[in-house]
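Listed below are the residues making up each chain.
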Amino acid sequence: MSLRRFFIHPSDITGETAQLTGPEAHHLRTVLRLNSGDPITFFDGTGARYQARIERILKDRVTATILGQTRDLPPKARLHLGQALLKGQKMDFILQKATELGVDAISPFYSEHGIHKQPKDTQMDRWQRIVLEACKQCDRATPPEIHAPRELTELMAVPPPYDARLIFWEHETQQTLNEFLAGQSKDCRSVLFLLGPEGGFSEAEVACAQKNGFTPVSLGPRILRAETATLAATAILQFTLGNLDPVLPDDQEKSSCEPLSNG
Ligand code: SAM
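Residues numbered from 1 in each chain as written. Predicted model: local features only at pLDDT ≥ 70, side-chain atom pairs only at ≥ 80, totals over all residues. Heavy atoms only, no water.

Enquirer: Can you tell me about the site of the ligand, naming the residues and giving the values?
Expert: By nearness alone, 20 residues border the ligand, and F168, L219, G220, R222 and L224 come closest of all. Within the backbone of G196, an N or O atom sits 2.9 Å from an oxygen atom of the ligand. Residue R222 places a main-chain N or O atom 2.8 Å away from a nitrogen atom belonging to the ligand. Protein chains bury 86% of the 580 Å² of accessible surface belonging to the ligand in isolation. Looking at the shell around the ligand, its residues break down into 11 nonpolar, six polar and three charged. (Near = heavy atom within 4 Å. Polar contact = N/O pair within 3.5 Å; in protein donor to acceptor, adjacent residues only side chain to side chain. Areas by Shrake-Rupley, 256 points an atom, 1.4 Å probe, with all protein chains shown as cover. Nonpolar A, V, L, I, M, F, W, Y, C, P; charged D, E, K, R; others polar.)

Put into structure tokens, the structure is as follows:
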């Protein structure tokens, strides 16, 4: 039985004691009907993963003893997804899938043929919730960084140094992603990659990207839906850069810290 995973706010952990409240406590108590003594796992959204044991299940909260703590291993390469803002629920889908696939940071951007206006400010809170839910579901302790939407030119112009910068463009006919990645030295450790809106990148945007050191690459002859293209590009990059490799037993050692108590 896979361990049950719950999100807990860091301030609800004091020493070896955790107090789970609100919807998470309700889910544990009434939906999962767990009992005292059951093993559970907590995520605190800052990168810590706690192994714990339920002590008491009360009406308004659940207390647990923390037995140990582990953290995710750092990724072999850091992927920063630049995603044109998409309509409706598609952005939610992208955030969820990019989190599951291990993307390090996500920067939504405005684009000429896409969404120009600033989304509702509650958007960021909602995006954070989607990402934390995805972390809990996929057992990811360190959430990706979600940046506030900005102009594409801003995103292109001031990125920290990246080993590779890619713009996925359906009209690219020369450079295939395969060739590009084959040409990358093994130590490609950071990639900033851009995916366009439903309306596609404008020629001016592609030209500006090239001026800023981005290589246009193709995902083949078919025009993929925006969300399909992002999923495909992310999965291919993660696979090629080794971020979809299983964590080997001796690596697991490195990711686990000392148990907090014999419990
Ligand atoms: N409006 C464009 C058209 O009909 O020609 C389609 C844009 S597509 C729906 C949305 C985004 O997905 C594009 O901006 C691009 O970033 C990416 N994309 C889709 N198909 C692609 C392909 N074959 N190669 C590279 N990128 C692709």
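And the narrative resumes.
Enquirer: Which residues make up helix α2 (residues 90–100), and what values do they have?
Expert: Every buried residue of α2 is listed here: M91, D92, I94, L95, A98 and T99. Looking straight down α2, one finds that the buried residues subtend no more than 165° of arc, so they occupy a single side. (Buried < 20%, exposed > 50% of the residue type's maximum accessible area, 1.4 Å probe, protein only. Helix = DSSP H or I, 4+ residues; strand = E, 2+ residues; numbered from the N terminus. Arc of directions from axis to C-beta.)

Enquirer: An account of the environment of Q51 is needed here, citing residue identities and associated values.
Expert: Mapped onto the elements, Q51 comes out in strand β5 (residues 48–57). Exposure remark for Q51: the relative accessible area of 25% places this residue in the partly exposed category. Residues Q51 and F201 lie 150 residues apart in sequence; the distance between their C-alpha atoms is 46 Å.

Enquirer: How would you summarise the packing of aromatic side chains if you had to cite specific residues and measurements?
Expert: Going through the model one piece at a time under the given rule, you end up with two aromatic pairs. The interplanar angle of 15° and the centroid separation of 6.2 Å between the aromatic rings of F109 and F201 together place this pair among those described as stacked. A residue pair is termed long-range when its members are at least 10 positions apart, and F109 in strand β8 (residues 105–110) and F201 in the loop between β12 (190–195) and α6 (203–211) qualify at 92 residues. F201 shares its class with F109; the two are buried. Note on F168 and F193: the rings are 6.2 Å apart at their centroids and 75° apart in plane angle, and the pair reads as edge-to-face. Note that F168 is positioned in strand β11 (residues 164–168) and F193 in strand β12, a separation of 25 residues in sequence. (Phe/Tyr/Trp six-rings, centres within 6.5 Å; stacked < 30°, edge-to-face > 60°.)

Enquirer: Give me the pattern of salt bridges: which residues, what numbers.
Expert: In total, this model carries 12 salt bridges according to the counting rule given. In this structure, the salt-bridge partner of E198 is K90, at a minimum N-O distance of 2.8 Å. Separated by 108 residues along the polypeptide, E198 in the loop between β12 and α6 and K90 in helix α2 bring together distant segments of the chain. Of the residues examined, K90 reaches a relative accessible area of 25% and is grouped as partly exposed. Among the ionic pairs, K97 bridges to E100, the shortest N-O distance being 3.0 Å. Note that K97 and E100 are positioned in helix α2 at a spacing of three residues, about one turn of the helix. Connected through shared salt-bridge partners, E24, E133 and K136 make up one network. (Salt bridge = Lys/Arg side-chain N within 4 Å of Asp/Glu carboxyl O.)

Enquirer: Which residues make up the domain arrangement of the protein, and what values go with them?
Expert: Each domain of the protein was delimited in the assignment, giving domain 1 (4–71) and domain 2 (78–240). On a C-alpha basis, the centroid separation for the pair domain 1 and domain 2 is 34 Å. Listed by partner, the interface residues are 10 residues for domain 1 and 10 residues for domain 2. Both faces combined, the contact of domain 1 with domain 2 buries some 790 Å², and carbon together with sulfur accounts for 54% of it. A salt bridge links E24 to K136; the shortest N-O distance between them is 2.9 Å. For the interface between domain 1 and domain 2, the tally reads five residue pairs in polar contact (both at pLDDT 80 or more). (Domains from an automatic or database assignment. Contact = heavy atoms within 4.5 Å. Buried area = accessible area lost by both parts, 1.4 Å probe.)

Enquirer: Which residues make up the side chain of T63, and what values go with them?
Expert: Mapping T63 onto the fold places it in strand β6 (residues 61–71). The exposure class assigned to T63 is buried, which follows from its relative accessible area of 12%. Setting aside anything within four residues of it in sequence, one finds T63 in contact with A18, Q19, I54, E55 and R56.

Enquirer: If you had to explain unusual backbone geometry to someone new, which residues and values would you point to?
Expert: Peptide bonds are, in most cases, trans, and in most cases residues other than glycine have a negative phi. One non-glycine residue, R33, lies in the positive phi region at around 50°. Residue position: R33 is located in the loop between α1 (22–31) and β4 (39–43). Its identity as a non-glycine residue notwithstanding, D139 has a phi of 60°, on the positive side.

Enquirer: Mind laying out α6, listing which residues take part and the relevant values?
Expert: Those residues of α6 not exposed but buried are E205, V206 and A209. Considered in projection along α6, the buried side chains sweep an arc of 100° and stay on one side of the axis. In α6, the exposed positions that point more than 90 degrees away from the buried face belong to E203 and K211. Phi for G213, located one or two positions after α6, is positive at around 85°.

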